[in-house]
Amino acid sequence: MSDPGPIYRPTEEGIEESVLRWLSGIPTLPNALQWTPWNPDSGEGGAQLDEKQDREKSEVVYWEILREQLIQINEEVTEENVGKLLSVLRRQMSHDGLMAGNKAVHRLLLEGQDFEASHNNGTTKRVYARLIDFTDPSNNRFDAVSQMRVVRGHSVRPDITLLVNGLPVVQMELKSQAQDNDYADAISDLQTYEGQVPRFFYPSLLNVAADTREFRYGGVGASEKFYFPWSKAPEQFQVEGNPMKQATYALLNPATLLDILQGYVFYERKEGGDAKIVPRHMQYYATREILGRIQEGAGDPENAKKRGLIWHTQGSGKSYTMLFAAKLLLERQPIDHPQVFILVDTDKLARQMADNLAAIGFERYEVCRKIAHLQEVIEKGKSQLVLTTMHAFEDVDPGVQSNPNVVVMADEAHRFMEKELGSRLRAALPDAWNFGFTGTPVHEGHSETARNTFREYCPDGEDPLHHYSIREGQKDGVIVPVHFKLRHEAEWSVDEAAMDEAFEEEFAGRPKDEKLRIIRESLTQSELGELEPRIDTYAELVAEHYRKKVEPNGWKGMVVAPSRKSAAMYGERLQELRGDPDDVRVLYTSDDEDPDLITQFSTDADERSTITRDFDDEKQPKLLVVYGMLLTGFDAPNLKTMYLDRRLTDHTLLQAIARTNRPAEGKTNGEIVDFQGTFANLDDALHYDSDVVEHAAQSEEKLFEKFEQQLDAVFSLFEGIEKTNTQEAMQEALARVSKHPERREFKQGYKRLQDLYESVSPDKRLMEPEVQDPYGWLSGIWVAFNRTEGREEDPEENVREKTLGIVEEHVDVGKVKEDFPIYKIGEEHLGAIESQEPAAKASSIAATTKAHLRPKIGENPRYERLSERVEEVLSQWQSGHIGDPEAVDMLKELEREAMEVDEEAEEKGFSGAEYAAYAYLHDECDLQEDEAQRVAEALCEALDEEVDTSYPGWWTNTDALRTIKVKIYQTLGAADTPDDLDLRTAGSELRDYLIASYVDDPHR
């Protein structure tokens, strides 16, 4: 499918128009569904729909639409009884807290609501009503509304709201990179809306944040790191060259949204509050493949393919893919009453998964840790989820399967070829469907004895049922790239006294260097790793590398030792070098027969669990030393660096690499410091295709190359400008990045450059003048930029730890603050910037005026109109439709208008609410000045007397809202208003401004 063209306007309004156009024209299969757009040529689509459906802006649901749809999709809901149902629903949608409300209303959307319906003969009957028809989606109504405004204490207005039967299920915030905004700004806005008017998000499935290049979505309440792209699409939704349009088609088509809403949502109980889990695209499509294979096989048992491989890279969330699949198998039953098994490969992972099942409130599951218990559960065949380990099948009797519809999902599926576990499983469950999940499939050959994950799970030599590669994970931001550094040739010495007599007799005539070489080549990995001089040398390297490179930015490290003895030796030496034993913990299993060296670090399972939990937090330890632990199933985003002193290959090496690839804010990459030489030839260590080998890990040299390329790219933005720290040079540089595309390229480019610098440092090449000087100069421009554009009092506090040293060395921050003071709007500000370049001047006026207006938007129509005019001028300027001098003149005029608005309020002695009422009555209702002032003051006086605004949330109180509305109608009705004034619309809009003003009024 070809894309008819790019977004035709680079403004936020243009993006909004494009998205609404896409939503109303999604290419579909027969009988599929479309959104009806509400986006008038002028004004807000929400206002247009409000007028048509009689919605007040304090309401988050279009109750009239829902009323019609309840009658449409429920036979027993009628015109006579729907009013009672709506009353019940209004009560059911009242909750405290964003996540509590979202969770409760989500259940309401899935399960419907029952109520007592009265009949004409005087009897009542309990009636069940669905809010959404999941069985026949075409029975529902789908509206895509631009600028739906909700006022409940605060005024919020997402760019697009998607409504199903009048219920807002998706909120979209759209930004234009041509206006110096991106999806991160959109996420920030959505989070602000969630905090200000949480009730608006109670019915929401998810939020979407997008700009002209990127599309991200996340569950309600998600932090930025849990907003992901939807980068895959079925064939009918694919759009070449326009990923934003493709994601709109693939995720936001009504059928997919309803499918996700009904079956792919979990709420996880966590410390600090619940979290909403919605699927990533690879989880969603893999689950659909599993269910599709089972459904297809159930319809054609003779030709059923009862196996399938899900090959998803480490870190992509395979556990939740299995849980989504298990949930839907039990709920939708593509086969009758299935018994679903999830198998993990260790007791620790079983405990983690069991905790996860409890945390998400999974219904109908049983955990089997004992073989006898597992056999009993298989024999009973109850339809439920059964969680167990692969090893539990070792002694389960063959042929005990009693339920004909068993589905097995095996995590780390490559492990089932060890110790004949696969044979034991097939013997116990001979008629089961088997799906393997792995990020590291094994392919050791084609013989019957060779381990081969593909042969086990891919019938007839087919491709994996679903594949999500390392490259895709890195592109989506699900994982970060990993870079390695070779240190296997570090100099260390062996005491000749350690050479035994037999060795001396054999090699007596050899030089000392050759004797040392022979020892190194002859000893086993474990023996070599336990040599004390070698441990001393490498422990010092670890301590120095961690202290200089990893610790400054708060990351943590892990040492992987070749034996328990060497792990204990590393632990002793590193605790000594760190000076704090709690900084370093050692993890392995031990028993009473072990020597003291090993037993000193003995821990039980609970202690190890506490240590790893603290490690994943901001607590001690900072370094873990492990042998035989934590190389699978251990996810700690703050683990940046692995010190690898154990030779690993193939899937075990891939799993070790993946411990460092979990994303975290400011973490551009994971890191492996290789003491064994494993990465000297990755082709020998990893027997996978070139795509896996290339993206699994790259040399540290590649990271430095990326830094150099990024430094050149950002530095080139200032070509022709003198690279000094004089005020004149800095003003010229700031003028250069005051408008697009240079502004966007500098903001995003420097952030990326700083992250790369933090990852590469320390490196002696960074100390060379050709790096130090340009990076230091750019850092000075960054500090000044954030001082003037971001209006940060202390912009140097927001640079990262290692870059701060560069700033302190190269930038006179005090002089920057002196040269670039932060002003409030006023003639002093306009006079102070008069000597600046026109572009820098325009940027400064816009930033100052926007900062002044931003907190007042929604509280007063004049501030709102001024803000919109500032954005309009910025859009015209940034897109090149007006020049720098013209932009300066227009923005100056707007700043002065903002000053005049403030002065008028002060001159008349208005409170914020009085001024909001006055402005609305004068500007929108055409009342004369004196009459508008009299009515505004009388109205606010009446409200002060009759509305209790002393408690949080008063603006949601039904009685308070009714009182405000009545007082407004009474006051307007008695005032000298124009004959054609629409009292209902005026009353509703004025009430919204008054409530918002009362909430934030400093006079109150």
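Quick caveat, the model's predicted, so the values are computed rather than measured.

What follows deals with helix α23 (residues 650-658). Where burial is concerned, most of α23 is hidden: eight out of the nine residues are buried. Packing partners of the buried residues in α23 comprise α15 (470-476), β20 (482-486), β24 (639-644), β25 (670-674), α24 (682-685) and α25 (690-696).

To continue, consider the packing of aromatic side chains. Within the structure shown, the criterion is met by 36 aromatic pairs. Considering the side-chain rings of Phe266 and Tyr320, the 6.1 Å spacing of their centres and the 40° angle between planes classify their relative orientation as tilted. One end of the pair, Phe266, is in strand β11 (residues 266-268); the other, Tyr320, is in helix α10 (residues 318-332), with 54 residues separating them in the sequence. A single burial state applies to Phe266 and to Tyr320, both of which are buried. A ring pair is formed by Phe484 and Phe679, whose centres lie 4.8 Å apart and whose planes are at 25°; its orientation type is stacked. With Phe484 in strand β20 and Phe679 in the loop between β25 and α24, the pair connects residues that are 195 residues apart, well separated along the chain. Classification of Phe679 by relative accessible area gives buried; the value is 3%. Three or more aromatic residues joined by ring pairs form one cluster here, namely Phe704, Phe707, Phe715, Phe718, Phe746, Tyr750, Tyr757, Tyr775, Trp777, Trp782 and Phe785. Stacked on the ring of Tyr183, the Lys or Arg Arg216 has its end atom at 4.6 Å from the ring centre. Against the face of Phe228 rests Arg280, its NZ or CZ located 4.3 Å from the ring centre.

Before going further, it helps to examine the environment of Glu224. For Glu224, the location among the structural elements is in the loop between β10 (215-219) and α7 (243-252). Taking relative accessible area as the criterion, Glu224 reaches 42% and is therefore assigned partly exposed. For the pair Glu224 and Val811, spaced 587 residues apart in sequence, the C-alpha separation works out to 31 Å. The residues touching Glu224, leaving out its near neighbours within four places in the chain, are Ala184, Ile187 and Gln191.

Further remarks concern the sheet that holds strand β14 (residues 339-344). With respect to topology, seven strands assemble into an open sheet ordered β15-β16-β14-β17-β18-β13-β19, the strand pairing being parallel. The strands lining the two open edges of the sheet, one partner per strand, are β15 (365-368) and β19 (466-468). Along the sheet, successive strands turn relative to each other by an average axial angle of 15°, direction set aside. In terms of strand pairing, strand β17 (residues 406-411) meets strand β18 (residues 433-438) through five bridges, oriented parallel. Bridge pairing in β18 links Met409 to Phe435. Contacts from helix α9 (residues 281-299) reach β13 (307-312), β17, β18 and β19, with the element oriented near 160° to β18.

With that out of the way, let us pick up helix α19 (residues 532-550). Because the α-helix completes a turn every 3.6 residues, residues three or four places apart line up on one side. Between its first and last C-alpha, α19 extends 25 Å over 19 residues, near the 27 Å set by a 1.5 Å rise per residue. Of the positions making up α19, those classed as buried are Arg534, Ile535, Thr537, Tyr538, Ala539, Leu541, Val542, Ala543, His545, Tyr546, Lys549 and Val550.

So, on to the nonpolar core. Counting 160 residues, the largest nonpolar core has Phe215, Trp230 and Leu252 as its most contacted members. Per element, the largest residue contribution to this core is nine residues, and it comes from α10. Excluding residues within four positions of it along the chain, Trp230 makes contact with Phe215, Tyr217, Ala247, Ala250, Leu251, Ile260, Pro279, Arg280, His281, Tyr284 and Tyr285. If you look at the next biggest cluster of nonpolar residues, it comprises 56 residues, including Leu894, Ala936, Leu939 and Ala986.

Our focus in this paragraph is the sheet that holds β10. By way of backbone hydrogen bonds, the strands of a sheet pair with one another, either parallel or antiparallel. Taking strand neighbours across the sheet as the criterion, the six strands line up as β1-β4-β7-β8-β9-β10 in an open arrangement whose pairing is mixed. Looking along the sheet, the strands with just one partner apiece sit at the ends: β1 (36-38) and β10. Adjacent strand axes in the sheet meet at a mean angle of 20°, parallel and antiparallel pairs treated alike. Alignment of strand β9 (residues 206-210) against β10, held across five bridges, turns out to be antiparallel. Considered in β10, the bridge of Val208 is made with Tyr217.

A separate point is the pattern of salt bridges. Here the structure, examined in full by the defined rule, presents 56 salt bridges. We note a salt bridge from Arg991 to Glu56, for which the minimum N-O separation is 3.1 Å. Of the two residues, Arg991 sits in helix α39 (residues 983-1000) while Glu56 sits in the loop between α2 (45-53) and α3 (63-73), which places them 935 residues apart along the sequence. Across the pair, exposure class does not vary: Arg991 and Glu56 are buried alike. Residue Glu540 is joined to Arg573 by a salt bridge in which the shortest nitrogen-to-oxygen separation is 3.1 Å. Placement of the pair is Glu540 in helix α19 and Arg573 in helix α20 (residues 564-578), with a sequence separation of 33 residues. Classification of Arg573 by relative accessible area gives buried; the value is 17%. Bridged by salt links that share partners, the residues Glu44, Arg149, Arg157, Glu864 and Glu868 form one connected network.

Here we take up the pairing of β20. Taken together, the five bridges between β20 and β25 define a ladder with parallel strand orientation. Opposite Val482, over in β25, you have Gly670 as the bridge partner. The sheet contact formed by β20 and strand β26 (residues 698-699) spans two bridges and is parallel. Bridged to Phe484 within β26 is Ser699.

The rules behind the values
- Residues numbered from 1 in each chain as written.
- Predicted model: local features only at pLDDT ≥ 70, side-chain atom pairs only at ≥ 80, totals over all residues.
- Heavy atoms only, no water.
- Buried < 20%, exposed > 50% of the residue type's maximum accessible area, 1.4 Å probe, protein only.
- Helix = DSSP H or I, 4+ residues; strand = E, 2+ residues; numbered from the N terminus.
- Contact = heavy atoms within 4.5 Å.
- Phe/Tyr/Trp six-rings, centres within 6.5 Å; stacked < 30°, edge-to-face > 60°.
- Lys NZ or Arg CZ within 6 Å of the ring centre and 35° of its normal.
- Pairing = 2+ DSSP bridges.
- Axes fitted to C-alpha atoms, helices over the stretch in contact; angles between N-to-C directions.
- Expected span 1.5 Å × (residues − 1).
- Core = buried A, V, L, I, M, F, W, Y, C linked by side-chain atoms within 4.5 Å.
- Salt bridge = Lys/Arg side-chain N within 4 Å of Asp/Glu carboxyl O.

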